[in-house]
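Chain by chain, the residues:
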2 protein chains.
Amino acid sequence: MIKFAAIEQAHQRIKPYINETPVVSSELLNQWLGHEIYFKAECLQKIGAFKARGGCNAVQSLLLSHSSVKRIVANSSGNHAQAVAWAGAQFKIPVTIYMPSFASKVKAQATRSYGAEVVLLDTRQEVDQAVEDAAKQDGVFWIPPFNDEAVIAGQGTAAFEALQQINQPLDAVFAPCGGGGLISGTLVATRAMQPQTQVIAVEPQTADDAYRSYKSKKIQRLPDAPKTLADGAMTLSIGPKTFEHIRMLNDFYTVDEQSIAYWTQWLQHLLKMHIEPTSAMAMAGVHQWLQMNSLKQRVLVILSGGNIDAHMMEKIWATDYLTKRPSLF
Amino acid sequence: MIKFAAIEQAHQRIKPYINETPVVSSELLNQWLGHEIYFKAECLQKIGAFKARGGCNAVQSLLLSHSSVKRIVANSSGNHAQAVAWAGAQFKIPVTIYMPSFASKVKAQATRSYGAEVVLLDTRQEVDQAVEDAAKQDGVFWIPPFNDEAVIAGQGTAAFEALQQINQPLDAVFAPCGGGGLISGTLVATRAMQPQTQVIAVEPQTADDAYRSYKSKKIQRLPDAPKTLADGAMTLSIGPKTFEHIRMLNDFYTVDEQSIAYWTQWLQHLLKMHIEPTSAMAMAGVHQWLQMNSLKQRVLVILSGGNIDAHMMEKIWATDYLTKRPSLF
């Protein structure tokens, strides 16, 4: 497991570049549920997601440990691509992102708008091969999306900041789990700052590889790309580095697609923020957990981001869930 | 026209109850358009809309001028209903809201959740009659949605705050126009604080009564309820008090439904906020205005709110506008 000091260092390094995102809550939601829920709004982070933290720390770690970084490469069709493109731009390092050509145009466009070169290839296999080949060149470095100490330490700064902002003892901290970078960093920050606080991950039922890895104490892999609204949690498997953290979690929940859509609608409506389904998924896990707690709980939820394409928004809002207000019974 | 001092007084009065909402901007949008655009985020206001300002000031004005206020009544199916319900609750005054039974369940529910009694009646005529009858009773007072000095002064505090927050000379301030309360207050605040700044209203093409009133210098009325995504701008006509302000505006734009949907998507995406179509409509007006300005402009847009029902969200996101990024050409 990474050390808490790595998160403190990461925070010092990335602070001048990232946003100290607000911690928000909804009076109505707290009143309806009878608990106290805080949300760390990483949708307001640079590039619209917590991934900017890990990307920024990884680029800086590279620059500290290698004297001639000529180019940074990454393979991603999502927020990690934008995070690396943005982080490279902060330090004037050229970036190439390899993406499958079936990735959304909006994401390729956003990645380019941060100044990165985007190379589109037909299959995911070609993408992975291309980044591997590129990283063999002299002065070219690959930044992995989650299975990396510097990335995990960067992601841990979200919880690190939030715990300081709230400055009260919490009963639990929830975060979504895709490849596991965010929940791993969250675990290390929380254990050091509030050892009594539970740290709990949430994953879609349809993409429950990390949940099954947690339960079986062995990394499990999905056979193929899962179908889920929580597109930040579609990773086929966690990595050995994130698994070392994930196995130490207090609990792990899986949630169904309807709950993900339900909470995306309600959190957008109540918080007035454009939060992505992967973020709402964590709240769906909180809701399950609260059913078993009769005492008033104080909970932090890391809202991972707010990058949602139009097709996803249409799917999320196709059914009206706002007619059924949140309750615990 | 109301005096600037009325806005200053309103701000002093309502400050302990309302949120000082942030002023935000999008680096990407500014880069793409080549201008500097600031957004006053009234979607993060109490009840999710600027209407809390006018409601709160109107209730306090009533309490200052009348010794026995037993009940407050209002007729509205939208944000004004929630604003009056919320403001009444702040001062422990019972509130009754008359609403047409075809109003959305979510809005009736939200109004009730602030502690107001909601009376549903079959037609808008019955609603208007009921509120008129109620206000004839001793100690019962009606708070109108826009054609009222205290309401206008309250709405003007949004621009009042934003101009202080930005603290730089602006070229123009844009706000949506429904009944005209917000744009009227915005005009008075801006004229007093930055006399050189243009104040410009925006309305849907399909609900252009205020635009036609502005052009013809005479209040014009829509024959019947217009169809528009900008449900905050469906008012059939402005009132004599708001007209006195609206006639003094520097300009007035009307925008089509496609632009409203386009800018709702893009502002939600770029600002990561759940903003309503009526707010995005104001940005559509800014976009038209910027086409005629070659010099770099600094603009403030009042984002009116973020209360959107699921059906509206589905309509907004049915077409993918995120594939065509904002530009001026």
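Residues numbered from 1 in each chain as written. Chains lettered and ligands numbered in written order. Predicted model: local features only at pLDDT ≥ 70, side-chain atom pairs only at ≥ 80, totals over all residues. Heavy atoms only, no water.

### Focus: the overall build of chain A
Here's step 1: For chain A, the count of helices and strands is 13 helices and ten strands.
Here's step 2: On C-alpha atoms alone, chain A measures out to a radius of gyration of 19 Å, which is about the 20 Å that the 2.2 N^0.38 rule sets for 329 residues.
Here's step 3: Along the three orthogonal principal directions, the C-alpha set of chain A runs to about 60 × 40 × 40 Å.
Here's step 4: Expressed as a percentage of the 329 residues in chain A, the buried residues total 62%.
Here's step 5: Long-range pairs, those at least 24 residues apart, make up 75% of the contacts in chain A between residues at least 6 apart in sequence.
Here's step 6: Split by element, the accessible area of chain A, about 12,700 Å² in all, is 49% carbon and sulfur.
Here's step 7: Taken together, the 30 basic and 29 acidic charged side chains of chain A have centroids lying 3 Å from each other. (Helix = DSSP H or I, 4+ residues; strand = E, 2+ residues; numbered from the N terminus. Rg over C-alpha atoms; globule rule 2.2 N^0.38 Å. Buried < 20%, exposed > 50% of the residue type's maximum accessible area, 1.4 Å probe, protein only. Contact = heavy atoms within 4.5 Å. Areas by Shrake-Rupley, 256 points an atom, 1.4 Å probe, with all protein chains shown as cover. Lys, Arg positive; Asp, Glu negative; His and termini not counted. Charge placed at Lys NZ, Arg CZ, Asp CG, Glu CD.)

### Section: the interface of chain A and chain B
Here's step 1: Between chain A and chain B, the residue contacts involve 32 residues of the former and 32 residues of the latter.
Here's step 2: Considering only the side of chain A, the residues that lose the most area to chain B are A:Lys272, A:His274 and A:Trp317, jointly responsible for 25% of the buried surface there.
Here's step 3: Note that B:Lys46 and A:Glu27 form a salt bridge whose closest N and O atoms lie 3.4 Å from each other.
Here's step 4: Here chain A and chain B share eight residue pairs in polar contact (both at pLDDT 80 or more) between them.
Here's step 5: It is helix α11 (residues 257–271) of chain A that provides the largest number of residues to the side of chain A that touches chain B, a total of five residues.
Here's step 6: Its residues placed into classes, the side of chain A that touches chain B shows 14 nonpolar, eleven polar and seven charged. (Buried area = accessible area lost by both parts, 1.4 Å probe. Salt bridge = Lys/Arg side-chain N within 4 Å of Asp/Glu carboxyl O. Polar contact = N/O pair within 3.5 Å; in protein donor to acceptor, adjacent residues only side chain to side chain. Nonpolar A, V, L, I, M, F, W, Y, C, P; charged D, E, K, R; others polar.)

### A short note on the pattern of salt bridges
Here's step 1: Summed over the entire model, instances satisfying the criterion amount to 24 salt bridges over all chains.
Here's step 2: Across the salt bridge formed by A:Lys241 and A:Glu149, the nearest N and O atoms sit 3.4 Å from each other. Residue A:Lys241 is found in helix α10 (residues 240–246), and its partner A:Glu149 is found in helix α7 (residues 149–166); the two are separated by 92 residues along the sequence.
Here's step 3: Residue B:Asp231 is joined to B:Lys107 by a salt bridge in which the shortest nitrogen-to-oxygen separation is 3.7 Å. Pair noted here: B:Asp231 is in the loop between α9 (209–216) and α10 (240–246) and B:Lys107 is in helix α5 (residues 105–113), with a separation of 124 residues, a long-range link.

### Quick look at the sheet that holds strand β9 (residues 251–255) of chain B
Residues and elements named next belong to chain B.
Here's step 1: Reading across from one edge, β1-β2-β10-β7-β8-β9 is the order of the six strands in this open sheet, with mixed pairing throughout. Whereas interior strands pair on both sides, the edge strands pair on one side only; in this sheet they are β1 (23–24) and β9.
Here's step 2: Here strand β7 (residues 172–176) pairs with strand β10 (residues 298–303) via three bridges, running parallel. Across the sheet, the residue bridging to Val173 is Leu300, located in β10.
Here's step 3: Contacting β8 (198–204) and β9, α9 crosses the sheet at an angle of about 145° to β9. (Pairing = 2+ DSSP bridges. Axes fitted to C-alpha atoms, helices over the stretch in contact; angles between N-to-C directions.)

### Things to note about the packing of aromatic side chains
Here's step 1: Enumeration according to the criterion identifies 20 aromatic pairs over all chains in this entry.
Here's step 2: When the ring of B:Tyr214 is compared with that of B:Phe252, the centres are 5.7 Å apart and the planes differ by 45°; the resulting orientation is tilted. Here B:Tyr214 is found in helix α9, whereas its partner B:Phe252 is found in strand β9, with 38 residues between them in sequence.
Here's step 3: Residue class for B:Tyr214 comes out buried when judged on its relative accessible area of 14%.
Here's step 4: An aromatic cluster of three or more residues is present, and its members are A:Trp32, A:Tyr262, A:Trp263, A:Trp266 and A:Tyr321. (Phe/Tyr/Trp six-rings, centres within 6.5 Å; stacked < 30°, edge-to-face > 60°.)

### Brief notes about the nonpolar core
Here's step 1: In terms of nonpolar packing, the biggest core is built from 162 residues, with A:Phe39, A:Trp263, B:Phe39 and B:Trp263 touching the most fellow members.
Here's step 2: When near neighbours in sequence (up to four residues on either side) are disregarded, A:Phe39 contacts A:Pro22, A:Val23, A:Val24, A:Ser25, A:Leu29, A:Leu267, A:Leu271, A:Met283, A:Val301 and A:Leu303. (Core = buried A, V, L, I, M, F, W, Y, C linked by side-chain atoms within 4.5 Å.)

### Re the relation of the copies chain A and chain B
Here's step 1: Mapping chain A onto chain B leaves a residual RMSD of 0.0 Å; the transformation is a rotation of 180° accompanied by 0.0 Å of translation along its axis. Expressed as an axis order, the relation between the two copies is that of a two-fold axis. Proximity to the rotation axis, assessed at the C-alpha, singles out A:Met273 in chain A; its C-alpha lies 2.1 Å from the axis.
Here's step 2: Both copies share a contact surface, since 100% of the interface residues of chain A are interface residues in chain B too. (Least-squares fit on C-alpha atoms with pLDDT ≥ 70 in both.)

### What to know about the environment of B:Tyr17
Residues and elements named next belong to chain B.
Here's step 1: In this structure, Tyr17 sits in the loop between α1 (4–14) and β1.
Here's step 2: C-alpha separation for the pair Tyr17 and Arg53, spaced 36 residues apart in sequence, amounts to 9.0 Å.
Here's step 3: Excluding residues within four positions of it along the chain, Tyr17 makes contact with Lys46, Cys56, Gln60, Trp86, Gln90 and Phe91.

### Concerning the domain arrangement of chain A
Residues and elements named next belong to chain A.
Here's step 1: Domains assigned within chain A are domain 1 (4–50 + 149–316) and domain 2 (51–142).
Here's step 2: Computed from C-alpha coordinates alone, the two centres of domain 1 and domain 2 are separated by 24 Å.
Here's step 3: Facing 26 residues of domain 1, the contacting portion of domain 2 comprises 19 residues.
Here's step 4: Where domain 1 abuts domain 2, roughly 1,800 Å² becomes buried across the two surfaces, and 58% of that area is made up of carbon and sulfur atoms.
Here's step 5: Ranking the residues of domain 1 by area buried against domain 2 places Arg13, Tyr17 and Ile47 at the top, with a combined share of 39%.
Here's step 6: For the pair domain 1 and domain 2, the number of links is three salt bridges.
Here's step 7: In this structure, Arg53 engages Glu161 in a salt bridge whose closest nitrogen and oxygen atoms are separated by 3.0 Å.
Here's step 8: One can count 13 residue pairs in polar contact (both at pLDDT 80 or more) joining domain 1 with domain 2.
Here's step 9: Residue assignment for the side of domain 1 that touches domain 2 shows that the elements contributing at least two residues are α1 (4–14) and α7.
Here's step 10: Here the side of domain 1 that touches domain 2 gets eight residues from one element, more than from any other, and that element is α7.
Here's step 11: Here the side of domain 1 that touches domain 2 is composed, by residue class, of eleven nonpolar, seven polar and eight charged. (Domains from an automatic or database assignment.)

### Focus on the side chain of A:Gln265
Here's step 1: Locating A:Gln265 in the fold gives a position in helix α11.
Here's step 2: If near-sequence neighbours (up to four positions away) are discounted, A:Gln265 is found in contact with A:Ile316, A:Trp317, A:Thr319, A:Asp320, A:Tyr321, A:Leu322 and B:Ala310.

### Describing the environment of B:Asn57
All names here are of chain B.
Here's step 1: Mapping Asn57 onto the fold places it in helix α3 (residues 51–65).
Here's step 2: Taking the relative accessible area as the measure of exposure, Asn57 reaches 2% and is therefore buried.
Here's step 3: Remark: the alpha-carbon pair of Asn57 and Thr111, spanning 54 residues in sequence, is separated by 18 Å.
Here's step 4: Sequence-distant contacts of Asn57, that is, excluding residues within four places in its chain, are made with Ala10, Arg13, Ile14, Ala150, Ala153 and Gly154.

### Thoughts on α7(A)
Residue and element names in this part refer to chain A.
Here's step 1: The end-to-end C-alpha distance of α7, which contains 18 residues, comes to 26 Å, matching closely the 26 Å that a straight helix rising 1.5 Å per residue would cover.
Here's step 2: Of all 18 residues making up α7, 15 are buried, and the element is well covered by its neighbours.
Here's step 3: Taking the backbone nitrogen of Ala150 as reference, a side-chain oxygen 2.9 Å away marks Asp148 as the first, capping residue of α7.
Here's step 4: Looking one or two residues beyond α7, the residue adopting positive phi is Asn167, at roughly 55°. (Expected span 1.5 Å × (residues − 1).)

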